[in-house]
Amino acid sequence: MSTISCKNLCKTFRQGEEVITGLDQVCLDIEEGSFVCLSGPSGSGKTTLLNAMGGLDSPDSGEITVGEQRLDQLSKAELADMRLNNIGFVFQAYNLIPVLSARENVEFVMQVQGVPARQRRELALQVLAEVGLTGLEQRLPAEMSGGQQQRVAVARAIANQPALVLADEPTANLDTHSAAQLMDLFVTLNQERGITFVISTHDTRVMGYARRLVSMRDGRIVGDEQQEPHTMAV
Amino acid sequence: MRDSLAVVATLAWRNLWRNHRRTVVMLLAIAVGVWAMIFMSALMRGMTDAMVRNGLHTLPGEVQVHHVDYRRDPSVVNSMQPPSGSLLRALQAPPVIAWAGRVRVPAVLASERGNRGVTLLGIDPVAEAQLDSLPQTMVQGRFLQSADDRGVVIGASLASRLETRLGKRVVIMSQDPDNNVVDRGARIVGIYRARLAGTEDRFVYAGRAVIQDMLNMDEQLSEVAITADDYRNVDAWYPAIAAAADAGLEVLPWTELDIFLGTMLGVQDGFALIFMVVVFLALSFGLVNTLVMAVFERVREIGLMQALGMRPALIVLQILLESLYLLCLGLLLGNLLALLTIRPLESGIDISSVAQGMEMMGMGTTLYPVLALQDMGMSTAVVVVLGLLASLGPAWRAARLDPVAALNKT
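In this text, all values refer to a predicted model and were calculated from it rather than measured experimentally.

What counts, and where the lines are drawn
Residues numbered from 1 in each chain as written. Chains lettered and ligands numbered in written order. Predicted model: local features only at pLDDT ≥ 70, side-chain atom pairs only at ≥ 80, totals over all residues. Heavy atoms only, no water. Helix = DSSP H or I, 4+ residues; strand = E, 2+ residues; numbered from the N terminus. Rg over C-alpha atoms; globule rule 2.2 N^0.38 Å. Buried < 20%, exposed > 50% of the residue type's maximum accessible area, 1.4 Å probe, protein only. Areas by Shrake-Rupley, 256 points an atom, 1.4 Å probe, with all protein chains shown as cover. Lys, Arg positive; Asp, Glu negative; His and termini not counted. Charge placed at Lys NZ, Arg CZ, Asp CG, Glu CD. Phe/Tyr/Trp six-rings, centres within 6.5 Å; stacked < 30°, edge-to-face > 60°. Salt bridge = Lys/Arg side-chain N within 4 Å of Asp/Glu carboxyl O. Expected span 1.5 Å × (residues − 1). Bend = angle between axes of the 7 residues up to and from the residue. Arc of directions from axis to C-beta. Contact = heavy atoms within 4.5 Å. Polar contact = N/O pair within 3.5 Å; in protein donor to acceptor, adjacent residues only side chain to side chain. Nonpolar A, V, L, I, M, F, W, Y, C, P; charged D, E, K, R; others polar.

## So, the overall build of chain A
Phase 1 of the analysis: The number of helices and strands found in chain A is seven helices and 10 strands.
Phase 2 of the analysis: Here the C-alpha radius of gyration of chain A, 17 Å, is about what a compact globule of 234 residues would show, namely 17 Å.
Phase 3 of the analysis: Its C-alpha atoms give chain A principal-axis dimensions of about 50 × 40 × 40 Å.
Phase 4 of the analysis: Put simply, chain A has 234 residues, and 56% of those count as buried.
Phase 5 of the analysis: Of the roughly 9900 Å² of accessible surface on chain A, 44% is carried by carbon and sulfur atoms.
Phase 6 of the analysis: Side-chain charges of chain A comprise 20 positive and 29 negative groups, with the mean position of each set lying 4 Å from the other.

## Quick notes on the packing of aromatic side chains
Residue and element names in this part refer to chain B.
Phase 1 of the analysis: All told, the structure shown has eight aromatic pairs over all chains when counted by the stated rule.
Phase 2 of the analysis: Seen from their ring centres, Trp13 and Tyr325 are 5.3 Å apart, and the 90 degrees between their planes marks the pair as edge-to-face. With Trp13 in helix H1 (residues 2–16) and Tyr325 in helix H12 (residues 312–342), this residue pair connects regions lying 312 residues apart in the sequence.
Phase 3 of the analysis: Given a relative accessible area of 23%, Tyr325 falls into the partly exposed group.
Phase 4 of the analysis: For the ring pair Trp35 and Phe39, a centre distance of 5.0 Å and an interplane angle of 25 degrees mean the geometry is stacked. A residue pair is termed a helical-turn pair when its members lie 3 or 4 positions apart in one helix, as Trp35 and Phe39 do in helix H2 (residues 20–58) at four residues.
Phase 5 of the analysis: Given a relative accessible area of 24%, Trp35 falls into the partly exposed group.

## Observations concerning the pattern of salt bridges
All names here are of chain B.
Phase 1 of the analysis: In the structure shown here, the tally under the stated rule is 28 salt bridges over all chains.
Phase 2 of the analysis: Note that Arg18 and Glu301 form a salt bridge whose closest N and O atoms lie 2.7 Å from each other. With Arg18 in the loop between H1 and H2 and Glu301 in helix H11 (residues 299–307), this pair connects stretches of sequence that are 283 residues apart.
Phase 3 of the analysis: Looking at Glu301, the relative accessible area reads 9%, which means it is buried.
Phase 4 of the analysis: The residue Arg72 makes a salt bridge to Asp69 at a minimum N-O spacing of 3.7 Å.
Phase 5 of the analysis: The exposed category is assigned to Arg72, whose relative accessible area is 64%.
Phase 6 of the analysis: Given a relative accessible area of 27%, Asp69 falls into the partly exposed group.
Phase 7 of the analysis: When salt bridges that share partners are traced, they join Arg102, Arg104, Glu128 and Glu223 into one network.

## A look at helix H10 (residues 259–297) of chain B
Phase 1 of the analysis: Under the 1.5 Å per step criterion, the end-to-end length of H10 of chain B is 56 Å for 39 residues, consistent within 8% with the ideal 57 Å.
Phase 2 of the analysis: Residue Leu283 of chain B marks the point of greatest curvature in H10 of chain B, where the axis turns by about 30 degrees.

## A closer look at helix H8 (residues 234–244) of chain B
Residue and element names in this part refer to chain B.
Phase 1 of the analysis: Buried within H8 are the following residues: Val234, Trp237, Tyr238, Ile241 and Ala244. The arc that holds the buried residues of H8, viewed along the axis, is 110 degrees, so those residues lie on one side. Opposite the packed face of H8, turned more than 90 degrees from it, sit the exposed residues Asp235, Ala236, Ala240 and Ala243.
Phase 2 of the analysis: Tucked inside the fold, the buried residues of H8 contact strand E1 (63–67), helix H3 (85–91), strand E9 (223–227), strand E10 (249–253) and helix H9 (254–257).

## Let's talk about the interface of chain B and chain A
Phase 1 of the analysis: The interface is formed by 24 residues belonging to chain B together with 28 residues belonging to chain A.
Phase 2 of the analysis: Our count for the contact surface shared by chain B and chain A stands at two salt bridges.
Phase 3 of the analysis: With its nearest N and O atoms 2.4 Å apart, the salt bridge here joins Asp81 of chain A to Arg311 of chain B.
Phase 4 of the analysis: Taken together, the connections running from chain B to chain A amount to six residue pairs in polar contact (both at pLDDT 80 or more).
Phase 5 of the analysis: For the side of chain B that touches chain A, the secondary structure elements donating two or more residues are H1, H11 and helix H15 (403–407) of chain B.
Phase 6 of the analysis: In terms of residue count, the dominant contributor to the side of chain B that touches chain A is H1 of chain B (seven residues).
Phase 7 of the analysis: When its residues are assigned to classes, the side of chain B that touches chain A shows 12 nonpolar, four polar and eight charged.

Structural data, given as structure tokens:
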């Protein structure tokens, strides 16, 4: 069964008088437990595709199914619920809530989901330990390094045990060492928990971790190949 | 749902203090605004109370019982029997504190130099003293001592107009029930001073029994004046008196006896509300600006929360809660400030330097601000309701942000 299925997705943007093609007849199936990288230069459509898969942006036409749900047929509130319960997000710019501590940031999604306080606290501490942030639970984002913040974001993304994690350029703001640690963490989570990872990147070192590499250009998929993953040389 | 509300409440509270300076400035603005609302209301309420109290003092009595035709024709013809039976029992039961029967008829008072139309009050001074309806200031002589006192007490202004003085004899003329002119001579035993010269000109006091005898009306009365503990709540207790009165009698509260005075309380509440709304409208610009800035500065965060699955309704709630915290803290400070500044002034503010003008409005030279729970409640309601309404705009705007655009905002 496919975790994600995209059929003929099209999306255009207007920039002044100019019409920019974000997605052009994109068809893609991603299986459960996959580790996929979307690669391509800036403006190739990888973030647009990732946003469409996450229900953050709706395509102009085409069908997109995540699990059993047709995202293009859901209301805003239903999309919010779908994201809350099924998808973990990791963004390029960490995107933590600055007034919440590391633990509270990780608990945030679970709290909105209504997970009991004790259970979510235990889960948050466990996941923070898993991403190597034991002892930093009470720190605010401003008191942590970029790498640590991105780890908190990863912990938040996986804490509610989603089937799918979408990561948009997760290593773009990290140094090589932190980037390697993060990608190793993704691989571990993929292998041990069976979480499906879809990562957009134009960093060739990150692409090396993927078992499937989807290349994009001008909103189209121009390459889709299976590969033998290898880790980043630090 | 409870957990969602908890996280929203936490975020709202912490976000409020992200920009300390802006929050504190807004908080002070709300506090001063609330204080101004309550302080001005306290002054207005004190002023209105003084006017109503002085008006009731002249009326007097919070409830009056008359013959049904007395108000149309206040002559001796439309008199009533002294209270008895169920009416008397009602007058002797709480919340009635005191009552007095009096004769009140139009008359002419003549001195050796002139004459003037007056309202003749035949009273029992002992009963009237309990109603607090007697002239406060005797400038010469004494007041009446009993219902059988044969002297008269007139106002200083009337004495001046009639060119008479203490100890002089005057003639009282009126009509008896058969429309015959009756008169009797009486000596001026006292001269009183009232706040308004009009009162001094109008009211002449004499012993009730003496006037009843002069007017051939046996023990009949023109009116029964009644007082209880709180003139504001007269509507709560006067119907019981009305129910106990005979069919030929009319029982009316002061609000109907003196329409002007009666409307004063409503007008005061109306003015207070208008003043509060106007003050808040000025405040609301600051409040909306604070929230708009708070939303503007947190576009990415709001986009993030939406991306993570927070429903738009919770975003609206978060911004509204932030506003509510600010408003509630401002209200707390404002009310505290009002309490601290008004309580010490409740013993009276000397306004004698401007009191000449105020006297015309039936006020004295001392203003007693009244800190009323009602005003604190009204200002709280105005601030919370209008504040939340004003906050809906920024909150709605935040909830409608496109998460992708918001997350990409630099």
